Amino acid sequence: MKLKLAAVLAAAAVAVPAVAESDKMNDLEIAHTAYTAGGLDIRYAHMALAISENAAVREFAEVMIRDHVAVNKAAVALVQKLNVTPQDNGLSQALVKGAAEARAKFGRLTGKAFDCAYAQNELGYHQVVNQTVEGKFIPEATVPELKALLGDALVTFKAHEKHAEKMVASLSCDA
Amino acid sequence: MQSFCIKRGTLLGAATSLSLLLGACGNAAEESSTPKEKADPITHQVEIRKFLFGPETITIKAGDSVEWVNKDFAPHTATDESLVWDTSLLEKDDAKAIVFTVPGEFDYICAYHTEMRGKVVVTAD
């Protein structure tokens, strides 16, 4: 599957610069970006727990922290086992920059406005991440253990995407 | 292996007629009945993988145990819908067994991912 990553990222609530779809990433870059993406979602979740009073939003945030911490812990264990150092790259940097902008925007919101912004961002974020993991990271990863970890992580992230869909629907943000 | 034991008995809230007993698993009903030959209790395994309980429905005999083993990175639980029993958080490769002593059907979920559903069917010994 040829992933139009730039278009996907541009469509996401998280603003990130375009990354050429033909840009191949090596295993160390993939590991770095996957870990970074998880860490950023943990930060969004902590923000949600600090601001939101909505039970569904708070529950979702708690799940994000619990699950992404677990996946990132597995990633760290793999990196240590392989004795390698993940490599920073343009996509990781773009994700970090986009997330900082999003957090700055969310920090000015309260109540339902925050809940909807967070929920919609989570849905978009997971859609982007899942398409990227499935369409780019897994096909391009060459280390079997990394490929397996990404495959397992994708199952978790897809569950998050479905959960985010339900959260967005429950908030009636368009009403 | 830490395990829990459930039996019919005191009320736990208004929603259930079961009680969760920690530690001692004596069963008053069994004590008052005529002793008979019983098969040794069996521990059945339910694997949690890819956000699914496998098998989704497991049928066991009263006195048997179900052991849940989490193979996902994400932490999960097996939690009775009526909150009578619960494995508590299972990290990857964690396992916990629960003893079922009373016949019945027990629907359960993962407390963290409530779309994950399973059932334990306990038949009479």
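Above this text you will find the structure in question.
Heads up: these notes are all about the structure in this document.

Calculation criteria
Residues numbered from 1 in each chain as written. Chains lettered and ligands numbered in written order. Predicted model: local features only at pLDDT ≥ 70, side-chain atom pairs only at ≥ 80, totals over all residues. Heavy atoms only, no water. Helix = DSSP H or I, 4+ residues; strand = E, 2+ residues; numbered from the N terminus. Buried < 20%, exposed > 50% of the residue type's maximum accessible area, 1.4 Å probe, protein only. Contact = heavy atoms within 4.5 Å. Polar contact = N/O pair within 3.5 Å; in protein donor to acceptor, adjacent residues only side chain to side chain. Buried area = accessible area lost by both parts, 1.4 Å probe. Salt bridge = Lys/Arg side-chain N within 4 Å of Asp/Glu carboxyl O. Disulfide = S-S within 2.5 Å. Core = buried A, V, L, I, M, F, W, Y, C linked by side-chain atoms within 4.5 Å.

## Quick look at the environment of Ser172 of chain A
All names here are of chain A.
Okay, step 1: Turning to its location among the elements, Ser172 is positioned in the segment after α6 (144-171).
Okay, step 2: Its relative accessible area of 38% is what places Ser172 among the partly exposed residues.
Okay, step 3: Here the alpha-carbon distance between Ser172 and Leu109, two residues 63 residues apart in the chain, equals 17 Å.

## Considerations on the environment of His126 of chain A
Residue and element names in this part refer to chain A.
Okay, step 1: Of note, His126 is situated in helix α5 (residues 111-140).
Okay, step 2: Judged by its relative accessible area of 1%, His126 is buried.
Okay, step 3: With 28 residues separating them along the chain, His126 and Leu154 place their C-alpha atoms 9.9 Å apart.
Okay, step 4: Setting aside anything within four residues of it in sequence, one finds His126 in contact with Asp41, Phe60, Met64, His68, Phe157, His160 and Glu161.
Okay, step 5: A polar contact of 3.5 Å, which involves the side chain of His126, links it to the side chain of Asp41.

## As for the interface of chain B and chain A
Okay, step 1: Contact residues are listed per partner, giving ten residues for chain B and 14 residues for chain A.
Okay, step 2: On the chain B side of the contact with chain A, Phe51, Phe73 and Tyr112 of chain B bury the most area, a combined 53% of that side's loss.
Okay, step 3: Inspection of the chain B/chain A interface yields one salt bridge.
Okay, step 4: Lys73 of chain A is the partner of Glu91 of chain B in a salt bridge, and the nearest nitrogen-oxygen pair spans 3.7 Å.
Okay, step 5: Counting the contacts that link chain B with chain A gives one residue pair in polar contact (both at pLDDT 80 or more).

## Describing the state of the cysteines
Residue and element names in this part refer to chain A.
Okay, step 1: Inspection of every chain in the model, using the stated rule, returns one disulfide over all chains.
Okay, step 2: The disulfide partner of Cys116 is Cys173, and the S-S distance across this bridge is 2.2 Å. With the S-S bond torsion at -95 degrees, the cross-link from Cys116 to Cys173 turns out left-handed. Of this pair, Cys116 sits in helix α5 while Cys173 sits in the segment after α6, and the two are 57 residues apart along the sequence.

## What to know about the nonpolar core
For soluble globular proteins, nonpolar side chains are generally found buried alongside one another.
Okay, step 1: Counting 49 residues, the largest nonpolar core has Tyr118 and Leu150 of chain A as its most contacted members.
Okay, step 2: For this core, the elements supplying multiple residues, two or more each, are α2 (27-51), α3 (55-82), α4 (90-106), α5 and α6 of chain A.
Okay, step 3: It is α5 of chain A that provides the largest number of residues to this core, a total of eleven residues.
Okay, step 4: If near-sequence neighbours (up to four positions away) are discounted, Tyr118 of chain A is found in contact with Tyr44, Ala45, Ala48, Val57, Phe60, Ala61, Met64, Phe106 and Met167 of chain A.
Okay, step 5: One finds Ala159 of chain A together with Val66, Val84 and Val122 of chain B within the second-largest nonpolar core, a separate group that totals 25 residues.

## Looking at the environment of Gln131 of chain A
Okay, step 1: Mapped onto the secondary structure, Gln131 of chain A falls in helix α5.
Okay, step 2: Spatially, the C-alpha atoms of Gln131 of chain A and Leu154 of chain A are 9.4 Å apart, while their sequence positions differ by 23 residues.

Purely spatial values, then, with no claim about function.
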